[in-house]
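Report on the structure
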Amino acid sequence: MFDENMTRILQEAVNEMLVWVGFGTLVGLAAKAIMPGKDPGGAVATMLMGIGGSVVGCGTLMFFWDGARVTPISSIGFLAATGGAFILLFFYRMLAGSFFTEAEDGERWLHRRRRRRRARGLADETY
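Residues numbered from 1 in each chain as written. Predicted model: local features only at pLDDT ≥ 70, side-chain atom pairs only at ≥ 80, totals over all residues. Heavy atoms only, no water.

Filter applied, for reference: UniProt positions are given in the numbering used here, feature names are shortened, and annotations may be inferred rather than shown by experiment.
The record in UniProt for the chain states the following under Sequence similarities (unreviewed entry): "Belongs to the UPF0410 family." As recorded by UniProt, the Subcellular location (unreviewed entry) comment attached to the chain reads in full: "Cell membrane".

1. Description of a nonpolar patch on the surface
Which entries qualify depends on this criterion: In this scheme, patches are assembled from residues that exceed 30% relative accessible area and form no salt bridge. Like charges are connected within 9 Å, while nonpolar side chains (Val, Leu, Ile, Met, Phe, Trp, Tyr) are connected within 5 Å. Here the accessible surface of atoms and residues is derived via Shrake-Rupley with a 1.4 Å probe, and residues count as covered only by protein chains that are part of the display. Any carboxyl oxygen of Asp or Glu that lies within 4 Å of a side-chain nitrogen of Lys or Arg is treated as forming a salt bridge with it. Helix and strand definitions follow DSSP, with helices as H or I runs of at least four residues and strands as E runs of at least two, each counted in order from the N terminus.
Together, I87, F90, F91, M94 and L95 make up an exposed nonpolar region whose accessible area comes to about 500 Å². Relative to the helices and strands, F91 is located in helix α3 (residues 75-96).

2. Considerations on the confidence of the model for the chain
Selection rule: The pLDDT score gives, residue by residue, the confidence of the prediction method on a 0 to 100 scale.
Chain-level statistics for the chain give a pLDDT mean of 77 and a share of 74% at 70 or above. Per-element confidence in the chain ranges from a low mean pLDDT of 54 for helix α4 (residues 112-126) to a high of 87 for helix α1 (residues 4-34).

3. Topic: the side chain of K32
Stated precisely, the cut-off is as follows: Partly exposed residues are those whose accessible area sits between 20% and 50% of the maximum for their type, while under 20% is buried and over 50% is exposed, using a 1.4 Å probe and protein chains only. Polar contacts, as used here, are pairs of N or O atoms within 3.5 Å; protein pairs need one atom able to donate a hydrogen and one able to accept it. Residues neighboring in sequence count only if both atoms are side-chain atoms.
Positionally, K32 belongs in helix α1. A residue is classified by how much of its surface remains accessible, and K32, at 10% relative accessible area, is buried. For K32, the side chain forms a polar contact with the side chain of T46, separated by 2.8 Å.

4. Side note on the nonpolar core
In plain terms, the rule: Working definition of a nonpolar core: buried Ala, Val, Leu, Ile, Met, Phe, Trp, Tyr and Cys residues. They are joined through side-chain atoms within 4.5 Å.
Listed in full, the eight residues of the largest apolar core are F23, V27, A31, M35, M49, A81, A85 and L89. For this core, the secondary structure elements donating two or more residues are α1 and α3.

5. Here we look at helix α2 (residues 43-64)
Stated precisely, the cut-off is as follows: Helix span, expected: 1.5 Å multiplied by one less than the number of residues in the helix. Comment: arc refers to directions from the helix axis out to C-beta atoms. Only heavy atoms enter the contact rule, under which two residues are in contact if any of them lie within 4.5 Å.
When the terminal C-alpha atoms of α2 are compared, their 31 Å separation across 22 residues agrees well with the 32 Å that a helix rising 1.5 Å per residue should span. Among the residues of α2, those classed as buried are T46, M47, M49, G50, G53, S54, G57 and C58. The buried residues of α2 all sit within an arc of 160° when viewed along its axis, so they share a single face. Exposed side chains of α2 directed beyond 90 degrees from the buried face belong to V44, L48, V55 and F63. If you follow the buried residues of α2, they end up packed against α1 and α3.

6. As for the packing of aromatic side chains
When we look at a pair of aromatic rings, we describe it by the centre distance and by the angle of the planes. Here is the rule: Any Phe, Tyr or Trp ring, taking Trp's six-membered ring, that has another such ring centre within 6.5 Å forms a pair; planes under 30 degrees apart are called stacked, those over 60 apart edge-to-face, and the others tilted.
Applying the stated criterion across every chain, the model contains three aromatic pairs. Summarising the aromatic geometry, the rings of F63 and F64 are spaced 5.1 Å apart at their centres and angled 80° between planes, so their arrangement reads as edge-to-face. Classification of F63 by relative accessible area gives exposed; the value is 66%. A residue is classified by how much of its surface remains accessible, and F64, at 67% relative accessible area, is exposed. When the ring of F90 is compared with that of F91, the centres are 5.6 Å apart and the planes differ by 70°; the resulting orientation is edge-to-face. Look at F90 and you get partly exposed, because its relative accessible area is 33%. A relative accessible area of 43% means that F91 is categorised as partly exposed.

This is the structure:
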């Protein structure tokens, strides 16, 4: 059915995909461990953030480091990928509103927990 060359190409493609999935999961877990606070997403989101972070981190490193070829599965590649995943997680949290919320009643910034407690307190007073 398949010739020997096609079988070898498929095996290499599956191996490469499994390496990226495993590496992405490790990088995503490392980035979530570094950043404090509640982590959004589950296992699939962690894996995708790790894969995206490795593309961002290693790509940025190769862009600024002239003539370097960085592979994600190396010590410098792991650090660059973790940094890229950390940046993606930071921007995700910032855009999702985990760090700041809009000001209410003329205040500067309210943290989300304080705002919820205050809203519950106001709701209890109205009944």
